[in-house]
Amino acid sequence: MTDLLGKTINGYQLIEVIHQGQNTVYKGFQPSANRYVAVKTLRQSLASDPGFAQEFNQDMQRVARLEHPNILPVFDFGQLDDVLYIVTRYVEGGTLQDRLPPAFSGQQAQAMMRSLAGAVDYLHGQRVVHGNLKPSNILIDEQGQPLLADLGFSQGVDVSGQENVYLSPEQAQGAFADERTDVYALGILLYEMAIGQPPARGGAPSPRSVRPDLPVEVEQVILKATAQNPDQRYQTAGELSRALDMALASSVQAAPQPVPAPVPAAATAQSQPGQSRSWIFILAAGLVFLCILALVLGGVFAYSQSGTQDDPGFFLLPVFLAPGATPTTEQPDTEPTPEVIPTVVITVVPPTQEPIVVTATPEEQPIPEPTEEPAPPNPEPTEEPAG
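Numbers given for residues are sequential positions, taken from 1 along each chain in its written order. For this predicted model, a pLDDT threshold of at least 70 governs which residues receive local features, and a threshold of 80 or more governs which side-chain atom pairs are given and counted, while totals over whole chains, interfaces and linings are taken from all residues. By convention in this description, side-chain values take in all heavy atoms of the structure and omit both hydrogens and water.

Caption draft 1: Highlighting the overall build of the chain. Secondary structure is summarised from DSSP: a helix means a run of H or I of at least four residues, a strand means a run of E of at least two, and numbering begins at the N terminus for each. Across its full length, the chain carries 11 helices and 10 strands. Only protein chains enter the area calculation, which uses a 1.4 Å probe; residues under 20% of their type maximum are buried, those over 50% are exposed, and those in between are partly exposed. Of all 387 residues assigned to the chain, the portion counted as buried reaches 37%. Pairs at least 24 apart in sequence give 54% of the contacts found in the chain among residues at least 6 apart. Split by element, the accessible area of the chain, about 23,600 Å² in all, is 55% carbon and sulfur. Whether two residues touch is decided by their heavy atoms; if any such pair falls within 4.5 Å, the residues are in contact. For the accessible areas, the method is Shrake-Rupley and the probe is 1.4 Å, while residue cover comes only from the protein chains on display.

Caption draft 2: Main features of the packing of helix α3 (residues 106-125) against helix α5 (residues 179-195). Where α3 meets α5, the closest approach of the two axes is 11 Å, and the angle between their N-to-C directions is 170°. As far as their axial angle goes, α5 and α3 are roughly antiparallel. Here α3 contributes A109, M112, M113, L116, A117, V120 and H124 to the contact with α5, which in turn contributes E179, D182, L186, L189, L190 and M193. Gly falls in the polar group here, along with every residue not listed as nonpolar (Ala, Val, Leu, Ile, Met, Phe, Trp, Tyr, Cys, Pro) or charged (Asp, Glu, Lys, Arg). Grouping the constituent residues of the contact of α3 with α5 by class yields 10 nonpolar, 1 polar and 2 charged. Between N-to-C directions, angles cover 0 to 180 degrees, with each direction set by a line fitted to C-alpha atoms, over the stretch in contact for helices. In what follows, roughly perpendicular refers to angles from 65 to 115 degrees, roughly parallel to angles under 35, roughly antiparallel to angles over 145, and oblique to any angle outside these ranges.

Caption draft 3: Here's a closer look at α3. To estimate how far a helix should extend, the number of its residues minus one is multiplied by 1.5 Å. Over its 20 residues, α3 runs 28 Å from end to end, which matches the ideal 28 Å to within 8%, given 1.5 Å per residue. Along α3, the positions that sit buried rather than exposed are A109, Q110, M112, M113, S115, L116, A117, A119, V120, L123 and H124. Remark: R127 follows α3 within two positions and exhibits a positive phi of approximately 65°.

Caption draft 4: Looking closely at unusual backbone geometry. In this structure, P101 follows L100 across a cis peptide bond, with omega equal to -15°. For P101, the location among the structural elements is in the loop between β6 (83-89) and α3. Note the cis peptide between P101 and P102, where omega equals 5°. Residue position: P102 is located in the loop between β6 and α3. Of note in the backbone geometry, D81 takes a positive phi value of approximately 60° without being a glycine. Considering the arrangement of structural elements, one finds D81 in the loop between β5 (74-80) and β6. Residue classification places D81 among the exposed positions, given a relative accessible area of 68%. The phi dihedral of R127 falls on the positive side, at around 65°, and the residue is not glycine.

This is the structure:
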């Protein structure tokens, strides 16, 4: 009821109406903690029922002790005159209902189901059945994480409305609702995330009849979770979540893989590893041969131009001297000794061919014959005439 707007309930100032339905939710401010909170007030007729008021207090004591990252925490609860109220964390991210449609991707639905299933299993472990799971009762926080809110049985919510497609068949018949009731609601929620809209009241039809591209494995998970007979459903929310994980993994593996384009024959021939290595080896051997030949000729030229060991050309000399030759720094008085020209032999052995022998021999220089200078003729003795 909006007539409480602007009033204070046990220290909580009601400053804005967030939601108006069977119950009213206000944005409140708590001065003692300097924070905003959400304050839900139940319809006034419930407070006049002593039996319900006692059940409300017992249930809320149990709910206030719940601690799970995907369950909206309850800070406070109580009764003021004819008003029953619940104080919870204030969340500005809206609800899951605000994000549907469009349909979720497989990864988004998987992440959402893991978080919700973990929270529902935690509730069941604490002997609490939610009983009113639907997108409008799932808040989304600032980090995009879902938060279960409005545990229906303890908050006086009538879940038997005809518009509630998340109501399980046993709830609609007035039978006892257990953990599998929440599993059914999660199955309907999974249908809505996969298709983008909820099914008609009475169960989920074949999802692939609405969305043909939906993987068969995912459809089977939805149909089992929303079975009319509770015994044929998944028995826990965690079992439903794990089945969805396996279905998505199987659908990814079964997806057709792209066929690679054919490679031209010329490109295939050039990519033969043996031939590539042979060409590389031959090219490398040719480069080595040219380098050695350049060093030989350069050394010979440097040696022929150097006169002493102090000349830089001498440093190449020891590499290219013939065996037994000794460098000298003195110029001989006799005829010059002919130069000895080395022969360089390079052997290139490719991995799959016979050795290739390359012989580099500089042109032989003719050795000059020693030339004998003719001896000067002896002068004939001259006889002096006798006196």
